[in-house]
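# Structure at a glance
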Amino acid sequence: MPRVDRLLGHPRVLPCVRALGVARVTALVRATLEGARREILEGKRAAAPTEEEAAERVEAAAATAGDGVARRVINATGVVLHTNLGRAPLAPEALAAVARPGYAAIELDLATGKRGRRGASAEDALVALTGGEDALVVNNGAAAVMLALAAVAKGRDVIVSRGELVEIGGGFRVPEVLEASGARLVEVGTTNKTRAADYARALERASAPGALLRVHRGNFRMIGFVEQPSLEELALVARRFDVPLVEDLGGGALFDFAEHGLSGEPLVRDSIRAGVDLVCFSTDKALGGPQGGVVLGRRTLVEKARREPLARALRLGRLPLAALEATLQLYARGRATDVPAVALAVAPLDVVEARAARIAAAIGASARVVATDGEMGGGTFAGRPLRSFAVELPAELAEPLRAGDPSVLGRVVDGALHLDARTLSDDEATEVARLCVALGKPIG
Ligand SMILES: *Cc1c(COP(=O)(O)O)cnc(C)c1O
C-alpha cells in the first residue's frame, strides 16, 4: 500500500491539503487506502493501487468533500420536492432575502422600538392566506406536529385512526411522535375503515380526552374497501366532546394545484374551513419555501403552542425565516406560480417536452426524448405521477454527471439514464446539455 505521508506530499494531493486542511485530507487518504484494502480482501482487485492511482482517488474524494451542501446540484430526477436534495428550490426573492448583509429586526418592532415577536411577519401572512386565526412557525413539519400535540394533549388521550398510524419517511412515525409529545395514543377503527362513531366511542370512554388527530396520507393511497370520515364529520365529533381537532397535513399547499389538473393535494385553507382547530404542515413541501413547519388555527391553541417550553427549542432560524417571509410575499401578491416548486409542477407538458428536445438536440443523435412519469415528491399529491419528458442517455454517464460540478442527478431506468426535464429550469437545461457534450461525446 502507498504510504500516508507520501500521499500527503503528492502533487495531486497537496492542493487538497491547502484547500481542506491536513487533518481532513489525512482522513480521506486513510479512507481511500482502507477502501483499496477491502477491495483486495473481497477479491475485487488483485494488487494494491500505485501511488499515482491512490492520489487520483484522494483527489476525487476531496473534490466533493469540501463544499457539502454548498455544492450546486441540478435536479434532473423528475421529483420536484426531493427530500435528499433539500426539497423545494427557493425563489430568487427568497434567496435575496437570505443574502441580505448585516443584522435583521428578528425580534424587534421597528415601529415602536419595543421587543417584537419572532416570525410575526411570516405568521401574519400565513393567517391572511389561509383564514386561520393565528400561526406559529417552527423548524419543520415534524416539530409542528409534536408541538401542537404537546400544547393541547400532553398527558392526555389523542384519538387516531388505525389507518393513519403511518410512517411519513425519514423515521417520522406517527405513534412515536405522539409519544414524544407526551400525549397518549388511543387507536380506533381498522386499517381500511374508520367511522366517525369510532372516534365518538373512544372519546366517551377516555378518562382524559385530549384531541382528535387526523393524519394526511400524503405518500401512499388506499383503494378498494376503505372508509374514513370527512374533516367536517370529525370536527362535529370534536365539538361534541369539546376537544380540538388537530390535523397533520404534511404538504401545506397555499395554491390550488387542482386548477391546473393536479389533484390530490389538500389546501390549508380547506382544512380551516372544514373546522380543523390546529393544522400542522411543512413550509418546504407543496408551499415551496425553505425548511420550516407551521402550527395554524385557533388563537387560544396556537398561543398555547407558542408558550410551550418546547417551542423555544424548535424555533425557526433567521435565514429560513427570511426565505419564508419572501416566499409568502409571492403568494400574497398573487404570484404563486413564481414559487419555483409550483412553477415546475404546473409547467405545461409541451413546454417540458420542448425543454427535453432542446437538450437532446444539443447532445446529438444518440440522445432521445422519452415520455416519463415524474412526481411532486415529499409526501405530496398522494404519490400521483407528474407527466413529463426526459432525455435518455447511456447509463455510464450517470456517474460522471453526478460527480461533476455542478452535479447533475438523473434517474437510471432499465439500464438507461433519464434526465427529466420536468425539474429543470431553462437555464439548467442549457447547462445540462453543455455538461453532457463536455463529457466528450462518449455517446453513440
Ligand atoms: C412530511 C410530513 C411530515 C414531516 O414534515 P417535515 O417538514 O419533513 O418535518 C409530517 N407529517 C406528514 C403528513 C408529512 O407528510
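Everything numeric in this text was worked out from a predicted model, so none of it was measured.

Calculation rules
- Starting afresh in each chain, residues are numbered from 1 along the sequence in its written order.
- Reporting in this predicted model follows two pLDDT cut-offs: at least 70 for local features of residues, and 80 or more for side-chain atom pairs to be given and counted; totals over whole chains, interfaces and linings ignore these cut-offs and use all residues.
- The side-chain values count all of the structure's non-hydrogen atoms but skip hydrogen atoms and water molecules.
- Criterion for a salt bridge: a side-chain nitrogen of Lys or Arg within 4 Å of a carboxyl oxygen of Asp or Glu.
- What counts as a helix is a DSSP run of H or I of at least four residues, what counts as a strand is a run of E of at least two, and both are numbered from the N terminus.
- Relative accessible area decides the class of each residue, using a 1.4 Å probe on protein chains only: under 20% of the type maximum gives buried, over 50% gives exposed, and in between gives partly exposed.
- We place a 1 Å grid over just the protein atoms. Points where a 1.4 Å probe fits but has no way out form a cavity, open points with protein on both sides within 12 Å along at least 5 of 7 lines form a pocket, and any residue with an atom within 4 Å of a point lines it.
- Grid points are joined across faces, edges and corners, and a volume is the space filled by probe spheres set on the points.
- Each residue is assigned to one of three groups, with Ala, Val, Leu, Ile, Met, Phe, Trp, Tyr, Cys and Pro labelled nonpolar, Asp, Glu, Lys and Arg labelled charged, and all others, Gly among them, labelled polar.
- What makes a residue near a molecule or strand is one non-hydrogen atom of that residue sitting within 4 Å of it.
- Polar contacts, as counted here, are pairs of nitrogen or oxygen atoms within 3.5 Å of one another; within protein the pair requires one atom able to donate a hydrogen and one able to accept it, and residues that are adjacent in sequence qualify only if both atoms are side-chain atoms.
- Note on areas: Shrake-Rupley with a 1.4 Å probe; residue coverage comes only from the protein chains shown.
- Side-chain atoms within 4.5 Å are what join buried Ala, Val, Leu, Ile, Met, Phe, Trp, Tyr and Cys residues into a set we call a nonpolar core.
- Should any heavy atoms of two residues lie within 4.5 Å, those residues are counted as being in contact.
- If DSSP finds at least two bridges between two strands, the strands pair.
- Angles here are taken between N-to-C directions and fall from 0 to 180 degrees, while the axes themselves are lines fitted to C-alpha atoms, restricted in helices to the stretch in contact.
- By the definition used in this description, the sense in which the near helix is turned from the far one sets the handedness, with an anticlockwise turn below a right angle giving left-handed and a clockwise turn giving right-handed.

### Remarks on the pattern of salt bridges
- Within this structure, the stated rule accounts for 40 salt bridges.
- With a shortest N-O distance of 3.2 Å, arginine 57 and glutamate 39 are connected by a salt bridge. Of the two residues, arginine 57 is situated in helix α4 (residues 51–65) and glutamate 39 in helix α3 (residues 22–41); the sequence distance between them amounts to 18 residues.
- With relative accessibility at 31%, the residue arginine 57 sits in the partly exposed group.
- Residue class for glutamate 39 comes out partly exposed when judged on its relative accessible area of 23%.
- We note a salt bridge from aspartate 124 to arginine 117, for which the minimum N-O separation is 3.6 Å.
- Among the charged side chains, a network of salt bridges with common partners joins Arg117, Glu123, Asp124, Asp134, Glu303, Arg306 and Arg307.

### Overview of empty space enclosed by the protein
- According to the stated counting rule, one finds one cavity of 30 Å³ or more in the structure shown.
- Forming the boundary of the largest cavity are Ser161, Gly163, Glu164, Thr190, Thr191, Asn192, Lys193, Thr194, Arg217, Met222, Glu227 and Gln228.
- Looking at the lining of the largest cavity residue by residue, the class counts come to one nonpolar, seven polar and four charged.

### Topic: the layout of surface pockets
- If you add up the space inside the second largest pocket, you get close to 540 Å³.
- Lining the second largest pocket we find 26 residues, and of these Ala104, Ala105, Ile106, Ala322 and Glu325 sit closest to its centre.
- Elements with a minimum of two residues in the lining of the second largest pocket: α5 (92–99), α6 (120–130) and α14 (318–332).
- Per-element tally for the lining of the second largest pocket: the top contributor is α14, with eight residues.

### Notes on unusual backbone geometry
- Going from aspartate 405 to proline 406, the amide bond is cis rather than trans, its omega being 0°.
- In this structure, aspartate 414 takes a positive phi of about 50° despite not being glycine.
- Checked against the element boundaries, aspartate 414 lands in the loop between β14 (411–413) and β15 (416–420).
- Judged by relative accessible area, aspartate 414 falls into the exposed class, the value being 78%.

### Looking at the site of the ligand
- Taken together, Arg87, Asn140, Gly141, Ala142, Ile168, Phe172, His216, Asp248, Gly250, Ser282 and Lys285 make up the full set of residues near the ligand.
- A distance of 2.8 Å separates an oxygen atom of the ligand from a polar atom in the side chain of arginine 87.
- At a separation of 2.8 Å, an oxygen atom of the ligand approaches a polar backbone atom of alanine 142.
- Burial of the ligand by the protein amounts to 91% of the accessible area it has alone, namely 380 Å².
- Those elements that place two or more of their residues in the shell around the ligand are α7 (141–153) and β8 (245–250).
- Residue composition of the shell around the ligand, by class: three nonpolar, five polar and three charged.

### Considerations on the nonpolar core
- Leu126, Leu212, Phe257, Phe281, Leu296 and Met376 are the most contacted members of the largest nonpolar core, which has 56 residues in total.
- In contact with leucine 296, other than residues within four places in its own chain, are Leu126, Thr130, Gly132, Asp134, Ala135, Val268, Ile272, Asp277, Leu278, Val279, Phe281 and Val302.
- Within the second largest apolar cluster, 31 residues are counted, among which are Ala211, Leu278, Ala305 and Leu314.

### A look at the sheet that holds strand β3 (residues 157–161)
- Taking strand neighbours across the sheet as the criterion, the seven strands line up as β2-β10-β9-β8-β7-β3-β6 in an open arrangement whose pairing is mixed. Pairing within the sheet leaves two strands with one partner each, and these edge strands are β2 (134–138) and β6 (184–188). Taking each pair of neighbouring strands and ignoring which way they run, the sheet shows an average axis angle of 25°.
- In the sheet, β2 pairs with strand β10 (residues 293–297) via five bridges, with the strands oriented antiparallel. From the neighbouring strand, alanine 135 faces β10, where its bridge partner is leucine 296.
- Contacting β2, β9 (278–282) and β10, helix α12 (residues 299–307) runs over the sheet at an angle of about 25° to β2.

### Observations concerning the packing of α5 against α14
- Across the interface, α5 lies against α14 with an axial gap of 8 Å and an inter-helix angle of 145°. Crossing geometry of α5 relative to α14 is assigned as right-handed. Contact residues: α5 offers Glu93, Ala94, Ala97 and Val98, while α14 offers Leu319, Ala322, Ala323, Ala326, Thr327 and Leu330.
- The residue inventory of the contact of α5 with α14, partitioned by class, reads eight nonpolar, one polar and one charged.

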